[in-house]
Amino acid sequence: DIIPFSPRFVWAYLLYYPVCFLPVLLIGSIHAFRRIALAYAFEFLVGFTVFALFPVRMIRPSFDVVDSSTAVLKVIYDLDPGYNIFPSLHVANAFLVAFIFFKIRNWREGTVLTGVAILISLSALFVKQHYVVDIAAGLLLAGIAYGVAFSWRVKKQEYRPISVRPSRTT
C-alpha cells in the first residue's frame, strides 16, 4: 500500500525484454557463450522450481484504460495473471546482464545497465507486478547465478571475440 500504483512505469518495465538479449552482443567465444547460458539456465531453473513449489499471487489494483500506458498494462495483466512472482526474474535477469557487462565489457556499460536494472525493479513495484521481497530475491538470485557461472579466476581476455584470419587459398 505504501508504494503508489503508476501505470506510466509500464514502459520501464518493458525495457526488460531488450535488456535480456544484450548479452548476445558479447558472445565472441564459445567460452563466453557457455558462461552466459549457464547463468541464465541457473536463474530459470531456480525461478521455475520456486514457482512450482510456492505459487504466490500478486494482488493487483483495478483500473480503467484511459491512455496507452494503461492499455499496455492491461495487456500485460491479461497475459500474466500474477502468479509466480517470487523471485522476480525481471529483476534477476536485468541485474545479471549488468553483472555480465561489468565482467566482460567495462564499468561504464555495467553502471548504465545497473541503472536500467534498478529502473526495471522500481517499475515492477509501481505497476504492481511484484512485491518488495520479490525484488530482493531477484537481486539475490542474479548474484548467485553470476557467482555460479563466472569465477573470479576467469580472466577477462577469455571473453574477447576471437579474430579469425581468412585462409589463403592458392
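Note that the structure is predicted; figures quoted are calculated from it, not measured.

1. Digging into the overall build of the protein
Alright, step 1. From N to C terminus, the protein includes seven helices and zero strands.
Alright, step 2. Ordered by position from the N terminus, the helices and strands of the protein form the series α-α-α-α-α-α-α.
Alright, step 3. Here the protein holds 170 residues, and 41% of them are scored as buried.
Alright, step 4. Considering only contacts in the protein between residues 6 or more positions apart, those separated by 24 or more positions represent 83%.
Alright, step 5. When the accessible area of the protein is evaluated, it comes to approximately 10,100 Å², of which 68% is carbon and sulfur surface.

2. Re the packing of helix α5 (residues 89–104) against helix α6 (residues 107–126)
Two quantities define a packed helix pair, namely the angle between the axes and the distance from one axis to the other.
Alright, step 1. Look at α5 against α6: their axes get within 7 Å of each other, and the N-to-C directions meet at 170 degrees. Overall, the two elements α5 and α6 adopt an arrangement that is roughly antiparallel. Residues His90, Val91, Ala94, Phe95, Val97, Ala98, Phe101 and Phe102 of α5 touch α6, and the partners they reach there are Trp107, Glu109, Gly110, Thr111, Leu113, Thr114, Ala117, Ile118, Ile120 and Ser121.
Alright, step 2. Classifying every residue of the contact of α5 with α6 gives twelve nonpolar, five polar and one charged.

3. Re α5
Alright, step 1. Relative to the 22 Å expected for 16 residues at 1.5 Å per residue, α5 spans 22 Å between its end C-alpha atoms, a close match to the ideal helical length.
Alright, step 2. Judged by how many residues are buried, α5 sits mostly within the fold: 14 of 16 residues are covered.
Alright, step 3. Its side-chain oxygen at 3.4 Å from the backbone nitrogen of His90, Ser88 defines the N-terminal cap of α5.

4. A few points about the side chain of Thr70
Alright, step 1. Positionally, Thr70 belongs in helix α4 (residues 68–79).
Alright, step 2. Within the structure, the side chain of Thr70 is placed 2.8 Å from the side chain of Asp67, a separation counted as a polar contact.

5. A look at the environment of Ala98
Alright, step 1. Among the structural elements, Ala98 can be located in helix α5.
Alright, step 2. A relative accessible area of 0% places Ala98 in the buried class.
Alright, step 3. With 19 residues separating them along the chain, Ala98 and Ala117 place their C-alpha atoms 7.4 Å apart.
Alright, step 4. Apart from residues lying up to four places away in sequence, Ala98 is in contact with Gly110, Leu113 and Thr114.

6. A short note on the pattern of salt bridges
Alright, step 1. Scanning the model with the defined rule gives three salt bridges in all.
Alright, step 2. Residues Asp80 and Arg60 are paired through a salt bridge, measuring 3.9 Å at the closest nitrogen-oxygen approach. Placement of the pair is Asp80 in the loop between α4 and α5 and Arg60 in the loop between α3 (30–53) and α4, with a sequence separation of 20 residues.
Alright, step 3. Given a relative accessible area of 29%, Asp80 falls into the partly exposed group.
Alright, step 4. Here Asp78 and Lys74 are joined by a salt bridge, their closest N and O atoms 2.9 Å apart. Of the two residues, Asp78 and Lys74 are both situated in helix α4; the distance of four residues between them amounts to about one turn of the helix.
Alright, step 5. Given a relative accessible area of 54%, Asp78 falls into the exposed group.
Alright, step 6. On the basis of relative accessible area, Lys74 is assigned to the partly exposed category, the value being 37%.

Conventions adopted
Residues numbered from 1 in each chain as written. Predicted model: local features only at pLDDT ≥ 70, side-chain atom pairs only at ≥ 80, totals over all residues. Heavy atoms only, no water. Helix = DSSP H or I, 4+ residues; strand = E, 2+ residues; numbered from the N terminus. Buried < 20%, exposed > 50% of the residue type's maximum accessible area, 1.4 Å probe, protein only. Contact = heavy atoms within 4.5 Å. Areas by Shrake-Rupley, 256 points an atom, 1.4 Å probe, with all protein chains shown as cover. Axes fitted to C-alpha atoms, helices over the stretch in contact; angles between N-to-C directions. Parallel < 35°, antiparallel > 145°, perpendicular 65-115°, else oblique. Nonpolar A, V, L, I, M, F, W, Y, C, P; charged D, E, K, R; others polar. Expected span 1.5 Å × (residues − 1). Polar contact = N/O pair within 3.5 Å; in protein donor to acceptor, adjacent residues only side chain to side chain. Salt bridge = Lys/Arg side-chain N within 4 Å of Asp/Glu carboxyl O.

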